[in-house]
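Report on the structure
Single-letter residue listing:
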Amino acid sequence: FFLIIFVSCSKEKTETPPEPEAKTLVSSVDLSALPQIESTNSAFYNADDQPEDVLTTLKKQGVNTIRLRLWNNPENSHSSFAEVKTFAAKIKSKGFKVWLTVHYSDTWADPGNQKTPEEWQGKSYNEIKDSVYAYTEKIVTEIQPEYIQIGNEINTGILFPYGKISENEAQFREIITTGSQAVRDNSDNTKIIIHF
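Every value quoted in this text rests on a predicted model; they were computed, and no experiment measured them. (Residues numbered from 1 in each chain as written. Predicted model: local features only at pLDDT ≥ 70, side-chain atom pairs only at ≥ 80, totals over all residues. Heavy atoms only, no water.)

Things to note about the pairing of strand β2 (residues 65-70)
Most of β2 sits inside the fold, with six of its six residues counted as buried. Side chains Thr-65, Arg-67 and Arg-69 of β2 all project onto a buried face; the interleaved residues Ile-66, Leu-68 and Leu-70 project onto the opposite face, where all are buried too. Sheet topology note: the strand β1 (residues 28-30)/β2 ladder contains three bridges and is parallel. Note that in β2 the partner of Val-29 across the bridge is Ile-66. Where β2 meets strand β3 (residues 97-102), six bridges bridge the pair, whose relative direction is parallel. Among the inter-strand pairings, Arg-69 is bridged to a residue of β3, identified as Thr-101. Read from β2 through helix α4 (residues 81-93) to β3, the crossover connection turns out right-handed. (Buried < 20%, exposed > 50% of the residue type's maximum accessible area, 1.4 Å probe, protein only. Helix = DSSP H or I, 4+ residues; strand = E, 2+ residues; numbered from the N terminus. Pairing = 2+ DSSP bridges. Right-handed = clockwise from strand over helix to strand, strands pointing away.)

Printed below as a string of structure tokens:
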């Protein structure tokens, strides 16, 4: 009888609660324009006025995440899928996390300008949702960002007129949900950001 009590008590004392997961502060810089700047053969210097790669300088200063904008089909190659995919691989090789800002547009998206990509214009609403899902799935599977924004500055909506909040609030919610679902279906690790 005493042995059973002793073993039971001992067992209770040796069990310890699991350690809480460590939280890492995101220290980020937007370097979307860096590939374009580097294409002009620019030189970069650190605080000691010594030539140094920008990513090396930022790493030394404690930056751990690089934010990049992604446009569907820009008029030049900058912020295109190909450029962002290549740059994201370089960023990861230097030990940074990647934060993608997906504009779902061929150019800047902001509260006053959420222009649907040229390639998607004229599609039905259901085709738009399919396009959002397929495009987001491609981003997550091929680039594998640690963070992804579903849209940029979506205060007034996304993919006008389909997801303009003042005219189509339910569709706006569905589009955001569709993009988010594409992330969830294809990654257990990518965190979703909604940018208002």
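A few points about unusual backbone geometry
Cis geometry is found at the peptide bond from Phe-160 to Pro-161, where omega equals 0 degrees. Within the secondary structure layout, Pro-161 lies in the loop between β5 (157-158) and β6 (163-164). Although it is not a glycine, Asp-49 adopts a positive phi angle of roughly 65 degrees. In this structure, Glu-153 is a non-glycine residue whose phi angle is positive, near 50 degrees. Counting through the fold element by element, Glu-153 comes out in the loop between β4 (147-150) and β5.

Description of the nonpolar core
Residues Ile-66 and Tyr-104 are the most contacted members of the largest nonpolar core, which totals 37 residues. In terms of residue count, helix α5 (residues 125-143) provides more of this core than any other element does, seven residues in total. (Core = buried A, V, L, I, M, F, W, Y, C linked by side-chain atoms within 4.5 Å.)

Everything listed here is a matter of geometry and, on its own, says nothing about what the molecule does.
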